[in-house]
Amino acid sequence: QVRLVESGGGLVQAGGSLRLTCAASGSVRGMGWYRQAPGKQRESVASITSGGTTGYADSAKGRFTISQDNAKNTVYLQMSSLKPEDTAIYFCYADRFSPTLQITRSWGQGTQVTVSS
């Protein structure tokens, strides 16, 4: 498995911005972000493949941008126009192929994002 280190969470007012960063300890096939709000299930936010193909949840479209630096095995999530409902713990993940060509997923420890109204 690859080790992931997240940073960038914090407290921000509604309408503000934050940038999350997730650095992987090795090369990966794809990375992305999930989030989990209190009392809710974990949900996908955004993803990006090593080739740069991105995907977004409807709640993130137009407000969040995922990007990567392949040389650094790092993914970023730029979040703008934040809303109180974006408050959650944000988890980074990374996918890579195992020796048997199965995709294995590693998770970061999570970073708290709190948006005040």
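We now turn to the structure provided with this report.

Analysis parameters
- Residues numbered from 1 in each chain as written.
- Predicted model: local features only at pLDDT ≥ 70, side-chain atom pairs only at ≥ 80, totals over all residues.
- Heavy atoms only, no water.
- Helix = DSSP H or I, 4+ residues; strand = E, 2+ residues; numbered from the N terminus.
- Buried < 20%, exposed > 50% of the residue type's maximum accessible area, 1.4 Å probe, protein only.
- Contact = heavy atoms within 4.5 Å.
- Polar contact = N/O pair within 3.5 Å; in protein donor to acceptor, adjacent residues only side chain to side chain.
- Salt bridge = Lys/Arg side-chain N within 4 Å of Asp/Glu carboxyl O.
- Core = buried A, V, L, I, M, F, W, Y, C linked by side-chain atoms within 4.5 Å.
- Phe/Tyr/Trp six-rings, centres within 6.5 Å; stacked < 30°, edge-to-face > 60°.
- Lys NZ or Arg CZ within 6 Å of the ring centre and 35° of its normal.

**Observations regarding the environment of aspartate 95**
Considering the arrangement of structural elements, one finds aspartate 95 in strand β9 (residues 88-97). Taking relative accessible area as the criterion, aspartate 95 reaches 8% and is therefore assigned buried. Along the sequence, aspartate 95 and arginine 105 sit 10 residues apart, while their C-alpha atoms lie 4.5 Å from each other. Discounting chain neighbours no more than four positions away, the residues touching aspartate 95 are Val28, Arg29, Gly30, Ile103, Thr104 and Arg105. A distance of 2.7 Å separates polar atoms of two side chains, one belonging to aspartate 95 and the other to arginine 105.

**Digging into the side chain of arginine 63**
Mapped onto the secondary structure, arginine 63 falls in the loop between β6 (54-56) and β7 (64-69). Judged by relative accessible area, arginine 63 falls into the buried class, the value being 13%. Apart from residues lying up to four places away in sequence, arginine 63 is in contact with Gln78, Met79, Ser80, Ser81, Leu82, Lys83 and Asp86.

**Focus: the pattern of salt bridges**
One pass over the structure, following the stated rule, counts 5 salt bridges. Between arginine 105 and aspartate 95 there is a salt bridge whose closest N-O contact spans 2.7 Å. Separated by 10 residues along the polypeptide, arginine 105 in strand β10 (residues 103-107) and aspartate 95 in strand β9 bring together distant segments of the chain. A relative accessible area of 33% means that arginine 105 is categorised as partly exposed. If you follow the salt bridges from partner to partner, you end up with Arg35, Glu43, Arg63 and Asp86 in one network.

**As for the nonpolar core**
Formed by 27 residues in total, the largest nonpolar core has its most connected members in Met31, Trp33, Leu77, Met79 and Tyr90. For this core, the elements supplying multiple residues, two or more each, are β3 (18-24), β4 (30-36), β5 (43-49), β7, β8 (74-79), β9 and β11 (111-116). In contact with leucine 77, not counting residues within four places along its chain, are Leu18, Arg19, Leu20, Trp33, Val45, Ala46, Phe64, Thr65, Ile66 and Tyr90.

**A short note on the packing of aromatic side chains**
Enumeration according to the criterion identifies 3 aromatic pairs in this entry. For the ring pair tyrosine 34 and tryptophan 107, a centre distance of 5.3 Å and an interplane angle of 75 degrees mean the geometry is edge-to-face. One end of the pair, tyrosine 34, is in strand β4; the other, tryptophan 107, is in strand β10, with 73 residues separating them in the sequence. Judged by centre distance (5.6 Å) and plane angle (55 degrees), the rings of tyrosine 93 and tryptophan 107 are tilted. Taken together, the residues span a long stretch of sequence, with tyrosine 93 in strand β9 and tryptophan 107 in strand β10 at a distance of 14 residues. If you follow arginine 42 out to its NZ or CZ, it ends over the ring of tryptophan 107, 4.8 Å from the centre. The aromatic ring of tyrosine 93 is capped on one face by arginine 105, whose charged end is 3.8 Å from the ring centroid.

Purely spatial values, then, with no claim about function.
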